[in-house]
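So you can see what is in the structure, the chains are spelled out below.
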Amino acid sequence: MTPILRVQGIVKTYGAVTALDGVTFDVARGSITGLIGPNGSGKTTLFDCISGFQRRDAGHAWLRPGERGAVELTSLAPVRVARARVRRTFQQLKVFTGLSVRDNLLIAAQSAPGFSAFAEVLRVSRVREHERAMRERAAGMLEEFALTQHADDPAGSLSYGQRKLLELAMALMTDPEVLLLDEPVAGVNPTLIGALKQHLVQVRDRGVTLLIVEHNLELVFELCERIFVLDRGRLLTSGAPREVAHDPRVLEAYLGVKSAARPNG
Amino acid sequence: MNRTRTTAIVVVAVLALPLVSGSPYVFHVAAMTGFYVVLAQSLNLVLGYGGLLSLATPAFFGIGAYVAAILSLRLGWDSAVTFPLASLAGVMSGIAIGFPSLRVSRHSFVIVTLSATLLLQLVANNWEDVTRGSLGLANIPAPRLFGVAVTERTEWYLLSLAMAGAVVFVTSLVAGSRFGRAMVATRDNEQLALAVGLDVFATRLFAFSLSGAFAGLAGALYAHFITYIDPGVFGFSVSETLLIMVILGGSGTLWGPVVGAVVFTVLPEVLRLAPEMRSLLYGVILLLIVLYRPSGLATWLGRRRAAGAAPFA
């Protein structure tokens, strides 16, 4: 297994509360990996530390560890992490409500390095070319996510489910290497969950590595090749879905009772 | 189409009014309106498109006014040089004030920009060797553009109109560009903007500096037009007037601040007809606009341009 993301001994405290207590694991390149755990176990905090939104107290997160082009993500600001092609979504769904659906996709692909504000305003030929290419890409993305007919509507007018699709499409606009998805199907109806699931598999098949935080365990067990379980800031266990599903510690962490039954949904 | 034609006729009529009337008073108000259009767009860039409540516009305005006045009074420089320098001074103060203030929260930003403006007012009051303190700088000569003096009211009106037109044009370029889209994105959701790799700080700093350029230019025009400036140019009342113009005109739209600048420069003059009732009527009109046109007067045009929705072609 070649790791594309290495989380190494990450510690994050808020005053007396230890949110992450030396979490360590590797995410395999081209995999769908699950990160589960009860509320408050530190999943979102870990995403925040990897993506630069929170400064960790100790530890590292590496992109392409051990390779020549390895990047230490934990030392970068969020903008740099995004430009290193590690994209994230948020637990609380976020789109640019004041921009059109198409512009949401375009803005997600706008941050090509080397462009200055002057170049953007004066529309130098390089900017024009980039914009044209991105418009074509956005059109394809709109088609793929069944949003074409809403392309010029403000994103704020979309339904919750459509916004979830837009959020994923935005994350894909720049060919990310790693996608950190925070509850991609939370609050979505069963039909759309099916569609999102298909999209996630397709994204993985394109070579994107997915690390998913999700409370819908049925989806996690079905989709993920490997699952890491966090509890109170520590890595409780990890393994293939079957192993994790039968680990009594997982159910205990989720329900607070000792049982050997399989957690389901 | 009909509506567009009506709007066009109204615009041409309003623009031609001073020329037709020939009254010095009307020319004066018209020239001031042009300056306010420039200032309102300056604030609109930061507040409307960027979503940041900046109280630094008078700082840029005052700096521009003092730079142009001092250079022409002391050194007798041509306005073709001093106007761009006043604008550049606005950019530099935009960078200087923006660097610390854009790193703090949106709430603190308001306070930092206000403090910077008040600080500059203190400097203008106390650096007497240069600014003559509270005595102010008087007898600022008429601007000379490439040696040709702008003295006639008509010339002033046309200069002010040209500057306002240029600023509106630049704003439309910026708002319709990918940079404009980025500004709206940072206004909508800062966290998401960072997560998609937008440099929020750089985007805002650029908008803030451009805002400085506009206001610096307005300051230079104002100083030459009124021929006298004192530290009052840094006053909070400038911000107050501009906020009314931008918000009630239509914040984050191209034409809203223009409409706001025209209406709220002309309105107080019209209300002079009823001197005793002036303040009361002004207040009532403000309330009525807030009640019936909460998104701004520009919605009356029926083509309110959603910020950032302008197509990038």
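Within each chain, residue numbers correspond to sequence positions counted from 1 in written order. Labels follow written order: the first chain is A, the first ligand is 1, and so on. Local features in this predicted model are restricted to residues of pLDDT 70 or higher, and side-chain atom pairs are both shown and tallied only at a pLDDT of 80 or more, whereas totals for entire chains, interfaces and linings draw on every residue.

Describing the overall build of chain B
Helix numbering and strand numbering both begin at the N terminus, where a helix is a DSSP run of H or I of at least 4 residues and a strand a DSSP run of E of at least 2. Of the regular secondary structure elements, chain B holds 13 helices and two strands. Its C-alpha atoms give chain B a radius of gyration of 19 Å, within 12% of the compact-globule value 20 Å for 313 residues. Its C-alpha atoms put chain B at 50 × 45 × 40 Å along the principal axes. This entry defines residue contacts through backbone-placed C-beta atoms, with two residues in contact when those atoms are within 7 Å. Considering only intrachain contacts with a sequence separation of at least 6, the fraction spanning at least 24 residues in chain B is 77%. Note on method: radius of gyration uses C-alpha positions; expected globular size equals 2.2 Å times residues raised to 0.38.

Section: the overall build of chain A
Along chain A, the regular secondary structure elements total 10 helices and 10 strands. Here the C-alpha atoms of chain A give a radius of gyration of 19 Å, agreeing with the 18 Å that 2.2 N^0.38 yields for 265 residues. Overall, chain A is about 60 × 40 × 35 Å in size when its C-alpha atoms are taken along their principal axes. Labels follow a simple rule on C-beta atoms placed from the backbone: if 20 or more others lie within 10 Å of a residue's own, it is buried; if 12 or fewer, it is exposed; otherwise it is partly exposed. Looking at chain A as a whole, 44% of its 265 residues qualify as buried.

So, the nonpolar core
Defined on buried residues, the nonpolar core groups Ala, Val, Leu, Ile, Met, Phe, Trp, Tyr and Cys residues joined through C-beta atoms within 7 Å. In this structure, B:V38, B:L39, B:A65, B:L217 and B:A218 are the most contacted members of the largest nonpolar core, which totals 167 residues. For this core, the element with the highest residue contribution is helix 2 (residues 24–49) of chain B, accounting for 15 residues. Note that the domain bounds reflect an automated or database-derived domain assignment. Two domains each donate at least three residues to this core, and these are domain 1 (3–94 + 177–255) and domain 2 (96–157) of chain A. Sequence-distant contacts of B:V38, that is, excluding residues within four places in its chain, are made with B:M163, B:A164, B:V167, B:F214, B:L217 and B:A218.

Some words on the sheet that holds strand 6 (residues 86–88) of chain A
The strands making up a sheet are joined through hydrogen bonds of the backbone, oriented either antiparallel or parallel. Residues and elements named next belong to chain A. Pairs of strands are assigned from DSSP output, requiring at least two bridges between the strands. Taken in spatial order, the six strands make up an open sheet running 6-7-8-3-9-10, and their pairing is mixed. One side of each edge strand has no neighbouring strand; the edge strands of this open sheet are strand 6 and strand 10 (234–239). Neighbouring strand axes in the sheet, compared pairwise and without regard to direction, differ in orientation by 20° on average. Of the strand pairs in this sheet, strand 9 (residues 226–231) and strand 10 are connected by five bridges, and their pairing is antiparallel. Bridge pairing in strand 10 links F228 to S238. Structural elements are reduced to axes, namely lines fitted to C-alpha atoms, with helices fitted over the stretch in contact, and the angle between N-to-C directions of any two is expressed from 0 to 180 degrees. Against the sheet, helix 7 (residues 190–205) contacts strand 3 (32–36), strand 7 (178–182) and strand 8 (209–213), and its axis sits at roughly 145° relative to strand 8.

Considering the sheet that holds strand 5 (residues 71–72) of chain A
Residue and element names in this part refer to chain A. Spatial strand order, 2-1-4-5: four strands in an open sheet with antiparallel pairing. The open sheet terminates on both sides in strands that have one partner only, identified here as strand 2 (17–28) and strand 5. Sheet topology note: the strand 1 (residues 3–14)/strand 2 ladder contains nine bridges and is antiparallel. Looking at the pairing, P3 lines up with A28 of strand 2.

Some points on the packing of helix 11 (residues 236–250) of chain B against helix 12 (residues 256–270) of chain B
Residue and element names in this part refer to chain B. It is at 7 Å that the axes of helix 11 and helix 12 come closest, and there the two elements cross at 125°. Regarding the angle of helix 11 to helix 12, the classification is oblique. Seen along the crossing, helix 11 lies across helix 12 with a hand that is right-handed. From helix 11, T241, I244, M245, V246, L248, G249 and G250 reach across to helix 12, where they touch G256, P257, V259, G260, A261 and F264. Partitioning the contact of helix 11 with helix 12 into residue classes produces eight nonpolar, five polar and no charged. Here is the rule for angles: anything less than 35 degrees is roughly parallel, anything more than 145 is roughly antiparallel, 65 through 115 is roughly perpendicular, and the remaining ranges are oblique. Helix crossings are classified by the rotation of the near helix relative to the far one: an anticlockwise turn of less than a right angle makes the crossing left-handed, while a clockwise turn makes it right-handed. Amino acids outside the nonpolar list (Ala, Val, Leu, Ile, Met, Phe, Trp, Tyr, Cys, Pro) and the charged list (Asp, Glu, Lys, Arg) are all regarded as polar, and Gly is one of them.

Digging into unusual backbone geometry
All names here are of chain A. With phi around 55°, A146 is a residue other than glycine that occupies positive phi space. Take A146: it is sitting in the loop between helix 5 (125–144) and helix 6 (160–172). The exposure class assigned to A146 is exposed, which follows from the 11 C-beta atoms found within 10 Å. Even without being a glycine, R232 presents a positive backbone phi close to 45°. Along the chain, R232 falls in the loop between strand 9 and strand 10.

Re the confidence of the model for chain A
Should the pLDDT be low somewhere, the predicted coordinates at that spot are not to be read in detail. All names here are of chain A. One number per residue, pLDDT, summarises how confident the predictor is, and it ranges from 0 to 100. In this model, chain A carries an average pLDDT of 88, and 94% of its residues clear a pLDDT of 70 or more. Looking over chain A, one finds the lowest element-wise mean pLDDT in helix 4 (residues 117–122), namely 74, and the highest in strand 8, namely 95. The low-confidence segment residues 260–265, where pLDDT is below 50, has 14 contacts with residues more than four positions distant or belonging to other chains.

Some details on the packing of helix 4 (residues 79–101) of chain B against helix 10 (residues 200–226) of chain B
Residue and element names in this part refer to chain B. For the pair helix 4 and helix 10, interaxial distance at closest approach is 7 Å and the crossing angle is 140°. The crossing of helix 4 and helix 10 is right-handed. Side by side, helix 4 and helix 10 meet where T82, F83, A86, S87, A89, G90, V91, S93, G94, I95 and G98 of the first sit next to L205, F208, S209, S211, G212, A213, A215, G216, L217, G219 and A220 of the second.

A few points about the domain arrangement of chain A
For chain A, the assigned domains read domain 1 (3–94 + 177–255) and domain 2 (96–157). Centre-to-centre separation of domain 1 of chain A and domain 2 of chain A, based on C-alpha positions: 28 Å.

Quick word on the environment of B:A215
Here B:A215 shows up in helix 10. Here the alpha-carbon distance between B:A215 and B:A59, two residues 156 residues apart in the chain, equals 8.5 Å.

As for the pairing of strand 4 (residues 58–63) of chain A
Across five bridges, the pairing between strand 1 of chain A and strand 4 of chain A is antiparallel. Looking at the pairing, A:Q8 lines up with A:H60 of strand 4 of chain A.

Digging into the interface of chain A and chain B
In this assembly, 28 residues from chain A lie in contact with 27 residues from chain B. The set of elements that each furnish at least two residues to the side of chain A that touches chain B consists of helix 2 (78–83), strand 6, helix 3 (101–108), helix 4 and helix 5 of chain A. Its residues assigned to classes, the side of chain A that touches chain B shows 14 nonpolar, six polar and eight charged.

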